[in-house]
Amino acid sequence: MKKVLLVVLISGALCTGTTLSAEGLPSFVNWSYQDAYQRDNGCRNLISLNGWWRWQLAGKEVSPPETGWGYRKVPGYGINFNVLEANGQIWKLKPEEKCSLCWVEREFTVPSEWSGKKVQVIFESIEGDGEVWLDGQRCGYTWDGCVYALELKPPYRTSPYRLSVKSNGVVSNVWLKALPAGPVITDAYLSTSVRKMTATIRARGTGKPENKLKVVITDYRQPDRIVRSAGPFSLQADGQGWKLEQEFDWKDAKLWSLESPNLYNYYLELSDRQGKVIDRIFPIRFGFREVWIKDGSFMLNHQRITITNDIHSPLAIHPARNMGRSYSPYTDEDTWRRIIRRWKDLGVNCAEYRWGGNIDDELLFRVADEEGFFITMSVRGLERNPVVRSIPAMAAYNYDVNAYLIFPRRHCPCVPFYYLSSLANAWDYAPFHLGEDFDTEKLFGKSNKEERDLIEKLDPVRAPISGSYSGGGKTEPFHSSMNYIGIHVDLQSYENWPLRWSQHRNKPLLTYEMAVPPYIAEWYQRPSRGTQAHGVPG
């Protein structure tokens, strides 16, 4: 991922570019750290830079503007937000202007106690390709949907830095981050097996392999109570750094299920040869559970389950950014809990998070973990144009854009599997008459093997599958065809799917597009076969 990660070294002593003063900011804008979300675990530090930033549409400027600013909240996605003038009045904009090329900026300072640490500004996701500027100097370019790190070079100055971004919007969190100056942990993934009652830690980092790594597991509701620890484990050399893959027993773990969603946190500690802790990651939420397939059925912790999946749901990230009939992924915690509990009351235990947007959605996944509900995820997939893919930077981007989507969410017990991109040339392709083992490469002239291999590399535990647009085929672990009770197609079109499945049952059947409870009224608006409820021929 090094080819895509944006790392810019800026010396505090050398930066003399223009810096707008934070003095005179509107009363609703607060760039101090007094009320900002912060974390400190003794090794690492985080300060949230989210909040009200300066904003204006981009024109023909060759550098960040000095005047003409409004204010909007960062992060934000879509068009459902307001831009305020300095007096607090709403800046009138056309919907398309809200997702157009724009400038956003704010100022920040580096805390004096971070001296001696590695300091970065982290953008979790920026919409579209963009530019990053610091103190009026262009530092580099961003890639859509990827994480970007802007690294500051010491000595850090005490006066504010001016941070500007030209893009289609900052759609996820922005952090000021401090890391130890020496060896650090760069990747961590804890997976669990109910069939063996074991956990496996996979980790990577910088520094010498002579260091040791320890796993510490704590109670989710009482974070200070340690319930299990493992290690310290010896590390293996991996290029210029180290790696670890280690399984350990955990016989008395409390299982996560749809009925009893027990949760834990874990963190890793990296120690030197003398046993001194030199790095520690922040706690990561997870659940001890396992999903697998047995005798043509889905299994969750040795119990047979049926996954009833709804994709006509508030979880769709609409490519047009207007969210359509969907709730914004930024909706509040109480709303998500009411939605998920209502779904469960109706017998729906799963919803698809569509179109693979890397945005600030931690609240959604946390609530689903806590409530005992599945969230299936669409991944970004691969660029299929061979000319574009021959460019080395694009090959790196294919990896990174999927990694940055999967890595923060692969610990969530609510994620049972991932959806790959479509192979079929028709929407909602469900060829029940072809059986379960047709060859997609012969039928469509393409396969998703390369994409599947990539996703399995990023998460070796959860299965990647094709959605209803692919119709399954011999490479699929289960059926995911268009559901036969979907409201926006004629019921008769898919009535043979459950019949065939009940006769063969070689693979599990995922009931897809349950379409309840949001839009049942549309069924009665549909005038005839072959026409969608909104009147578009289909």
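Anything mentioned here points back to the structure above.
Read on for an overview of the structure. For clarity, every value in this text was computed on a predicted model and none was experimentally measured.

Notes on helix 1 (residues 333-345)
For step 1, the next point in the chain: Under the 1.5 Å per step criterion, the end-to-end length of helix 1 is 18 Å for 13 residues, consistent within 8% with the ideal 18 Å.
For step 2, the next point in the chain: Along helix 1, the residues that are buried comprise Thr335, Trp336, Arg337, Ile339, Ile340 and Trp343.
For step 3, the next point in the chain: Two or three places before Asp334, at the start of helix 1, stands the capping residue Asp332, its side-chain oxygen 3.2 Å from that residue's backbone nitrogen.
For step 4, the next point in the chain: At the C-terminal side of helix 1, Gly347 shows a positive phi close to 90 degrees.

Considering the sheet that holds strand 11 (residues 161-167)
For step 1, the next point in the chain: Here 6 strands make up an open sheet; going across it, the order is 5-4-6-11-8-9 and the pairing antiparallel. Each of the sheet's edge strands pairs with one partner strand only, and the pair in question is strand 5 (70-74) and strand 9 (137-142). Between one strand and the next, the sheet's axes are offset by a mean angle of 30 degrees, whatever the strand orientation.
For step 2, the next point in the chain: Strand direction decides the pairing type here: strand 4 (residues 51-57) and strand 6 (residues 102-108), joined by 4 bridges, are antiparallel.

Focus: the pairing of strand 5
Within a regular strand, the side chains alternate between the two sheet faces.
For step 1, the next point in the chain: Counting buried residues in strand 5 gives 4 out of 5 residues, a clear majority hidden from the surface.
For step 2, the next point in the chain: One ladder, built from 5 bridges, connects strand 4 with strand 5; its direction is antiparallel. Paired with Gly51 across the two strands is Val74, which belongs to strand 5.

Brief notes about the nonpolar core
For step 1, the next point in the chain: The biggest cluster of nonpolar side chains holds 42 residues, and the ones touching the most others in it are Phe108, Val121, Phe123, Leu163 and Leu176.
For step 2, the next point in the chain: The contact partners of Phe108, leaving out residues within four places of it in the chain, are Tyr33, Leu49, Val121, Leu134, Leu152, Pro160, Tyr161, Leu163 and Leu176.
For step 3, the next point in the chain: One finds Ile340, Met377, Leu405 and Tyr418 within the second-largest nonpolar core, a separate group that totals 30 residues.

Observations regarding the packing of aromatic side chains
For step 1, the next point in the chain: With the rule as written, the count across this model stands at 17 aromatic pairs.
For step 2, the next point in the chain: Plain terms: the ring middles of Trp103 and Trp133 are 5.9 Å apart, the flat faces sit at 65 degrees to each other, and that makes the pair edge-to-face. Placement of Trp103 in strand 6 and of Trp133 in strand 8 (residues 130-134) is noted, with a sequence separation of 30 residues between them.
For step 3, the next point in the chain: Here Tyr353 and Phe365 contribute two aromatic rings whose centre-to-centre distance is 5.6 Å and whose plane-to-plane angle is 70 degrees, an arrangement assigned as edge-to-face. Pair noted here: Tyr353 is in strand 26 (residues 350-353) and Phe365 is in helix 2 (residues 362-371), with a separation of 12 residues, a long-range link.
For step 4, the next point in the chain: Here the aromatic residues Trp250, Tyr264, Tyr266, Phe286 and Phe288 are joined through ring pairs into a cluster of three or more.
For step 5, the next point in the chain: In this structure, Arg157 packs its charged tip against the face of Tyr161, placed 4.0 Å from the ring centre.

Calculation rules
- Residues numbered from 1 in each chain as written.
- Predicted model: local features only at pLDDT ≥ 70, side-chain atom pairs only at ≥ 80, totals over all residues.
- Heavy atoms only, no water.
- Helix = DSSP H or I, 4+ residues; strand = E, 2+ residues; numbered from the N terminus.
- Expected span 1.5 Å × (residues − 1).
- Buried < 20%, exposed > 50% of the residue type's maximum accessible area, 1.4 Å probe, protein only.
- Polar contact = N/O pair within 3.5 Å; in protein donor to acceptor, adjacent residues only side chain to side chain.
- Pairing = 2+ DSSP bridges.
- Axes fitted to C-alpha atoms, helices over the stretch in contact; angles between N-to-C directions.
- Core = buried A, V, L, I, M, F, W, Y, C linked by side-chain atoms within 4.5 Å.
- Contact = heavy atoms within 4.5 Å.
- Phe/Tyr/Trp six-rings, centres within 6.5 Å; stacked < 30°, edge-to-face > 60°.
- Lys NZ or Arg CZ within 6 Å of the ring centre and 35° of its normal.

In short, shape yes, function no, at least from these values alone.
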